[in-house]
Structure formats: structure tokens, C-alpha cells
Amino acid sequence: MTDTAFDLPTRNMEIALGPSHPAMHGTVRMMVELDGETIVKTETEVGFLHRGFEKESESVHWAQIMPYCDRLNYVSPLINNFAYAMALEKLCEVEIPERAKYIRVIAAEISRICDHMTCNGAMGMEVGGFTPFLYMVEARELLYDIVEELTGQRITVNFARIGGVAHDLPPGFAGRCKEALNKAFKLFDDADALLTRNRIFIDRMNKVGRITKEQAIAYGITGPMLRATGVAYDLRKAAPYDVYDRMDFDVPVGENGDTYDRWLVRLEEARQSRRIVEQALAQIPPGPICIEDPRFVLPPKDEVYTSIEGLMNHFKLIIEGARVPAGEVYGYTEGGNGELGFYIVSDGSGKPYKCRVRSPCFTAMQLLDPILLPGNMISDIVPIFGSVNMIGGECDR
Amino acid sequence: MPSLTLDGKKVDFQPGETIIQAATRENVDIPYYCWHPRLSVAANCRMCLVEVEKAPKLMPACQTAATEGMVVHTQNEKVKDAQRAVHEFLLVNHPIDCPICDQAGECKLQDYYMEYQLKPSRVIEHKVNKPRLEQLGPHVVYNAERCVVCTRCVRFMDEVAQNSQLGVFNRGDHSEIGCAPGTTLDDPYSLNTVDVCPVGALTSTIFRFKQRAWNLKRSDSVCSGCARGCNVHVDQRSGVVYRLLPRDNDAVNKAWLCDEGRLTYNRPNEGKITEALVREGQDAPITTDGVAGLGKAVDLLKPLANAGMGVAASLSLHATVEEAYVFGRFVKDVLQADTIAVLGLTPGSQDDLLRVADKNPNRAGVMAVFADLNLKPVDERELMQRMKSGTVKAWLAVGHETSFGPELAAAAKALEVVVHIAYARGPIAEVARVTLPAVSWVQTDGTWVNVQQRAQRLKVGFLPEHDAKPSHAWLMDIASRLGVAYAWPSMTTLRAEIESQLPAFREVKLTQVPPTGTQLPWAVPAEAASKI
């Protein structure tokens, strides 16, 4: 302190950010304690979007949970579907057909691209660049069209089934999918070009909101946030499921674990996902898209309408739910934000005894108060928070 | 004790038992249609075939006597094949009916299909057509196409109802159940055939097409139809009771319930009061909320309290022991009524099976409580007489069950004060100045004592609607407004007080009545005998 400066009798100011604030994606509230413009302390409160997913799951049949999964990470609902279905399939000890695995990979990777486009687009907007956001969201919309063509819905897809998927790829899907990807990535590249080498953007993002490898691992962080610190951990490589072991793709990693690295990792991951989609579309074999196991899968409609056996099978599966063998299981996938896991306990009845979600952004939100925010400027809250990519539906369940 | 080997496990059995009885006790699942633990063995469905070592063929577990050293397999491939094949045969002629079948959701064909068959149909022939809507009797409808001819219903009528009204007609896949020409299934126990039917062949006219089985919520209770107090399941949805089904109790009703008792399912629904009724002058009663009703009741009863002259109080014989105790204390401590009466339904039909003439489910309990409280109740005729002669000027009527409803109401019309607590709107509610909404027995936590002097617990099947609450809760409210504070914060404290205060209940653990009831050490009257 120089002698010209003197102590102003200031007090720290507390301001409440959210829960209803345009920059607080989803619904989250932060009590921020400021010394001037510097953040002294924050208290983040999640749970405003809590709908009791886990408890509600205990009162509905296994299959009825599938549409609830759509509402977890609602930007990439297909991945949630597949994570839940994979956990159940592990418990039921069924192996899904090859074609279903490929369809799941294609759908999941398109969803991942949507997820990263949304997050990165919003991150541009967070620091004042509205144009890249519009580009990214327009690109995402092209992919949502593809999702809609496949599942019938943009977001509320309800697409996975125990033992496979609900629908086959529609005729001519591969061509339209590639076309949509081409168009979408043109917009994506434009947004990239507008921001990645932009001086203002770099100044706002670089070395802001840093975490180290050790911190990330200690806090159980997964996904792009972990990879931005330099740890090349991706479940699609570390514990391949479906047909990821046959796909040629790279796992991009960052160096500094800051907001800028998270931006770069997501950009590159979206491009890698595109590679996976294109490979899967080329490799996908013909065949069934779902297993034929009357214990879990509804019989074909003509059997339901014309034979008592089919009708009873259908009736029992609908009214009482498929009887998933008793036991407990943990199923996981690499979601848009990291490891999305379902821990399921079955007592052998048609409903779960417990259905717990390991949501990646709930874990990541822990970092905000102790590490990411203190010491930064108030204007950094929003980009840092944006780079965590908290999705209310997934975090609050 | 002799033993056999069941799926590699040593299982003891009583001499004379069959394999299925030993297996059921060991929780080994053997599927069956025709076997019923309380009926004779027919062994015609062939679903319970098991492999017995050294026997040349698979044996029906329901009929094969267990013998020392027998080795039985119930889970091996041979048995599973047989189960699949038998079930496939059972479904060969079964219509595609689940969406319109009342049994769907509680049908053994559906359950066993999922557990033991799980194969698509191989039948290409037409199914055999049979009568689909045969009215066997006033309450039972028969669909021959759904029938698996297990003959449980025939055996029930022969062995339990002792009235052989049913038989099997024709042969092979044309077999069907029926009554002899010109006769009908009109036995007072006919609806038990619907219960024992494992499929949707026999359905009840009172329940047909009213509700789907899986939408109903089930609670345990006791039948209010007569003093036998048969144990029942109450099936309700959204506060409407749709059916009563027998609940197993070896000491009372085994697994059966009479038609008359089942038909009381509608009592909790008919004319239900959930808000207070208030009547001014000669006008018809109008609905108001419980607080206003309580205020009105207190205003009316206040001048009477401790006056002691010309005040009558009556209790229904459908009240629980707990309600009777609170009522007794109320009339002694608060109202000091000089006429105490018990009201109930008129005696009705009886037989040597379940039904008894007294149609009031808790006469024994109410009378025991009153005797111990030194209350000497008069009957309904005497109460009417006192009203007509002018000895009674005010009346507190708890419960709407009466034998001479309209006559009693006409006599009560002249009274200055009539305060009524009831769950349904009957003749008394039409003449009462105030009617407070009580709850029916399916919504009450309480105890009834049946004709066999067995205390049985009523459970709350669903919560009271609007302002309704048990009559003893209303009496406690009125008492506190009139300056007498009763401290029974819970049913447990109330029951503990009854146990300690009333000599008749001193030996009884009223707080711990098991689901099948407690036999009280009281003298059992002759009419309690049953041949069931």
C-alpha cells in the first residue's frame, strides 16, 4: 500500500445471483461475497430443479423410467437413455444385437455434439458474443432434426429399450445424417473461427477458473472438465461399451485446466464425435435392433392381437412391468459432461427398489465454491460457471 | 418325523401330507390351478407335475402322498417341459380376452404364462366356441371359453356350501361348468365360487366391469354384515369401496365369506357424509363445514349438560369398542343422560355355516363396555316409547344404524334437540338439528368383538375425506368445549385406559390385537357354533 492510498471503511458486499437469472443456466443460486469486484466467497445452492427422479422411479415400472431419463441431461437425452438401459441389461444379463449397439453409438455421439455445441455456444454468449451462440444453436437444431427423424422427438426421445432400441434407422438416414453434420459443422467452424483466436475471448477465458489434475481427480471430476486438466480419461476408451472399441477416435486433452482449455476440449471432442458417427454409419451391419426375450421385451403386435400367449405377455409387461432379476448393478456411459452412471437395486419385482443417478455435473458443481470462483472477478463467474456446463435436470435430478 | 428330499433339500413332513403341502411350507413354488388348500384334491389340471425318482412318470404334487425317503425334483428340465406343455394346452382354447376380462391382473393364467411358459402360440386351428355369458345365478356369471375346468367351484359347492348346485357337463374340450337344467346357483355362498376360480370364467355381477384389479388398493378389515365378523380385504379406489373379499382366518371364516356380507361393500359409499349437516326449523338439512357443525352441536348440548332431565343418548351396535368407551364416558361425565340406548339392525337370516341372526358386528363389545361402565342401555322400542311419552326431550344419536328408522325418526321429530354423529345419511339425519360427519368402519381404527367373543382389529383403509372423523373424536371435541378435557392423544393410550379401567378387558391385550384377532376369555354363546 502506498502512502497515497488509505483505508476506505468498506464492507464486503453480498449479492444473490439467481436462482432466476438469465446467465444462471438451469436454476441455480449463488450467494456471492464481494470485496470490490473480487470474489471473496461464494455459496452455491443447487436443487431448484429437483423433481425427485430417484424416488419417483421407485413407484413406476422399469420401462416407465425411460422417459424420465430424457429429462436428466435434456441436451443429450439419448445418452441418458442408453446409460439406464445398459445398467438394466447388465442386471438382466442380456446382450443387445450388433445393430442396436451401432445405433446407440450413432445416437449418443450426435447427442454429445449437441451437448458440446450448446455449452460452447453459451460460453461465447457468456462473454458477450451473441453471434457464435446463434451459429452453434442453429447447428444443434440441424442435428436435433436428425434425432427427431430417428426417435420422433427432438428432446423427449424415449428411445432405448431393455435389449436394444425402439426404432431402426429410417431409410436414407446415413446420407441425411452426413449432410446435416456437414452443414452443422460449417456453422460450428464459423463459431470456432470467431472466438478461438479472438484476443478478447482469450483474455476472458485463459487462466481463468483453473483446476489442477490432482484437484480434479480428488473431487471425482470426469468428462471434458477432467480432460481439460490433461488427464486422458474417457470411458469410451477406458472401459469401452457398445462398439466404441472398434471406433478410431482421439481423446483430446488440455494443459491448464482452465476455462479456455475446457472450451478447446469440447470443440475437439465434437469433431471426434463426428468421426465416430461417420465410421459407425459406414460399419453398421443389418439385423435386429432389439432382443427377442419375452421376459423383458413386448411381443410383436400381430401376436398380441391374435394369440392369447402374446396378449398375456404384453399385458403382464405393461401392467406389472418386466421382472428384472434381483440384485444391484452400476451401469455407466461417457455422457456429455462426464461419467453418467445409474446405480440400480432390484428386488426382483417390476419396479426398482432404488435407482440412483451419478450425475457428472453435480460432481463438477462441487468445485465452484472452494476452487473455481474465489479470487476471480465478478464478471468471471458466468463464464466459469458456463464452462462447468451445469444442466439443471441432470444436477438436481 | 418322516422326511423327503425336495430339490436336494431334506424336508420333514407330517404323515398323510402330499408333496405340494410339504413344498408350500418350504416356500418351494409348484404351480397349480385345481388344488386348493381348503378343498379336496382333484388332480385334473396337471400343472403341479413333479418328478419323483423311481416313479415311471411325472406325478401330480397335489395328489401324491409324501413318503419317507422320496426324492422329488420340481425345477429340472423334465418338469419345466411338462409345465410348459400343460400350460400351452390350457391356452389352446382360451379366448383373447384379457382387455375385457375382470380377472386380468389377478389371473393365474397370466401369472403362470410369464413364469412357466413364455412361448408364442403354435395353434393354427380355430378355438372351440362355448357360451360366453351364462348367468349361473343371481350373482355369478360364467364364461365357458375362459374356463380351465379345474372344478374348484364344483368342489366348493359340494364340500363347503354343502349344496351341490354345480357340475361339469360334456366331455373333452367341450367340458363346461353348469347348473342342472331349471336350477340356478342361488346358494347364499355362491360368490365364493368366483374367488376360488383361478381364471376369469366365473365373475361377480356386483363387481363386473366396475374396476380393474390393479387399480384397487387393498386393506384388511372385518365384515360388518353380521356378528360373525368374517375377516375381509377391502378393495377401494379413490375412497370408493368396490368389493369385499374373504381374508384367511382359521378361527373365524377360513377362506370364505357369504354373499350377504359381500353385498355390504356399498355401505361405506352410500349416502356418505363428509361435511356437517345443519337443519333450522322444519327445513331440510343443509351442508356446512365441520367447525360450524361442531359449534352448533355444542350450543345445542350445552344447556342439556348436567341438566340430567329428559336427555337420551344412543350408540349404534356398529360402533367400535373404543368408540363405545368414549361414548360411555361422555354420557356419564358430560351429558349425564338418563336414557341410554343401543340401536342396531334387525335380526336377519342365519345358517350353520357363517351367517348369524344378529346383523350387528359389535354387540358383544359394546355391551361389555356398557356393563363395565354401569350403563344399562334400553332397546330401540323403549327409546321410541320414551320419546313419544315425553320422558325424552333431547337426543344424542351416535351411528345411523337402526331397526325402525322412519318410525324412530318420526318420534324424534318432536324433540327439541337431536344431535347426530354418523357416516351416512339415514332417517335420523333428516330430523337431526346437527349431523356431524363420522367415518365408516373401513376408515376407522378400532376393535370389534364378534359373536365368538373374538376381538378383531379394524384398520384405516383410506383417510377420512373433508371434515369427517371418527365419532369418538367428535365426542372428545364436544367434551372439551363443554369443559371436560379427555387426554387420549392416541388410540394406544385410549386402549391402555380401557384395559386398565374395564374389568372385562383386564385380561385382554387390546393394544396388541394380531391380524387374525384375539379370543377373549368370555362365555361363548351357542349361536357362535359353525360347521365351516
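The structure presented is a predicted model; accordingly, all values stated were derived computationally and were not measured.

Q: What am I meant to see in the overall build of chain A here?
A: Along its length, chain A carries 17 helices and eight strands. The C-alpha atoms of chain A give a radius of gyration of 23 Å, which matches the 21 Å a tight globule of 397 residues would have. The principal-axis extents of the C-alpha atoms in chain A amount to approximately 95 × 45 × 35 Å. Burial statistics for chain A: of 397 residues in total, 49% are counted as buried.

Q: Help me out: how do you make sense of the interface of chain A and chain B in this one?
A: Interfaces are often sized by the accessible area lost when the parts come together. Opposite the 13 residues of chain A that make contact, chain B presents 15 residues. Element by element, the count of residues in the side of chain A that touches chain B is highest for helix H13 (residues 308-319) of chain A, at nine residues. Each residue belonging to the side of chain A that touches chain B can be placed in one class, and the counts come to six nonpolar, three polar and four charged.

Q: Which parts of the structure should I look at to understand helix H2 (residues 62-70) of chain A?
A: Three or four residues apart is the spacing at which side chains of an α-helix point the same way, because the helix has 3.6 residues per turn. Residue and element names in this part refer to chain A. Buried residues of H2: Trp62, Ala63, Ile65, Met66, Cys69 and Asp70, and no others. Down the axis of H2, the buried set is contained in an arc of 155°. They therefore lie on one face. Residues of H2 that are buried make contact with helix H1 (53-57), helix H3 (77-92), strand E4 (160-161) and strand E8 (352-358).

Q: What's the story with unusual backbone geometry in this structure? I'm lost.
A: Negative phi values dominate among residues other than glycine, just as trans dominates among peptide bonds. Residue and element names in this part refer to chain A. One non-glycine residue, asparagine 158, lies in positive phi territory at about 45°. Within the fold, asparagine 158 resides in the loop between helix H5 (130-151) and E4. Positive phi, normally seen in glycine, also occurs at arginine 397, with a value near 55°. Among the secondary structure elements, arginine 397 is positioned in the segment after helix H17 (392-396).

Q: Explain helix H6 (residues 173-195) of chain A here, please?
A: For H6(A), which comprises 23 residues, the first-to-last C-alpha distance of 32 Å matches the rise-based estimate of 33 Å (1.5 Å per residue) to within 8%. Each element contacted by the buried residues of H6(A) is listed here: helix H4 (98-126), H5, helix H7 (199-205) and helix H11 (259-283) of chain A.

Q: Explain the environment of Leu185(B) to me, please; I cannot follow it from the model alone.
A: Inspection of the secondary structure puts Leu185(B) in the loop between strand E9 (176-178) and helix H5 (192-196). Placed 75 residues apart in sequence, Leu185(B) and Gln110(B) show a C-alpha to C-alpha distance of 27 Å.

Q: Help me out: how do you make sense of the sheet that holds strand E1 (residues 3-6) of chain B in this one?
A: Hydrogen bonds along the backbone pair up the strands of a sheet, which may run parallel or antiparallel. Residue and element names in this part refer to chain B. Strand order in the open sheet formed by five strands is E2-E1-E5-E3-E4, with mixed pairing between adjacent strands. Where the open sheet ends on each side, the last strands, each with one partner, are strand E2 (9-12) and strand E4 (59-60). Helix H2 (residues 77-92) rests against strand E3 (49-52) and strand E5 (71-73) of the sheet, and its axis sits at about 155° to E3.

Q: Looking at this model, I keep getting lost on the sheet that holds strand E2 (residues 29-35) of chain A. Mind explaining?
A: All names here are of chain A. If you trace the three strands from one edge of the open sheet to the other, you get E1-E2-E3, paired in antiparallel fashion. Edge positions in the sheet fall to strand E1 (13-17) and strand E3 (38-45), since each has one partner strand and no second. Averaged over all neighbouring strand pairs, the angle between strand axes comes to 20°, with direction disregarded. Examined bridge by bridge, E2 and E3 share seven bridges and lie antiparallel to one another. Across the sheet, the residue bridging to aspartate 35 is threonine 38, located in E3.

Calculation rules
Residues numbered from 1 in each chain as written. Chains lettered and ligands numbered in written order. Predicted model: local features only at pLDDT ≥ 70, side-chain atom pairs only at ≥ 80, totals over all residues. Helix = DSSP H or I, 4+ residues; strand = E, 2+ residues; numbered from the N terminus. Rg over C-alpha atoms; globule rule 2.2 N^0.38 Å. Buried ≥ 20, exposed ≤ 12 C-beta atoms within 10 Å, placed from the backbone. Contact = placed C-beta atoms within 7 Å. Nonpolar A, V, L, I, M, F, W, Y, C, P; charged D, E, K, R; others polar. Arc of directions from axis to C-beta. Expected span 1.5 Å × (residues − 1). Pairing = 2+ DSSP bridges. Axes fitted to C-alpha atoms, helices over the stretch in contact; angles between N-to-C directions.

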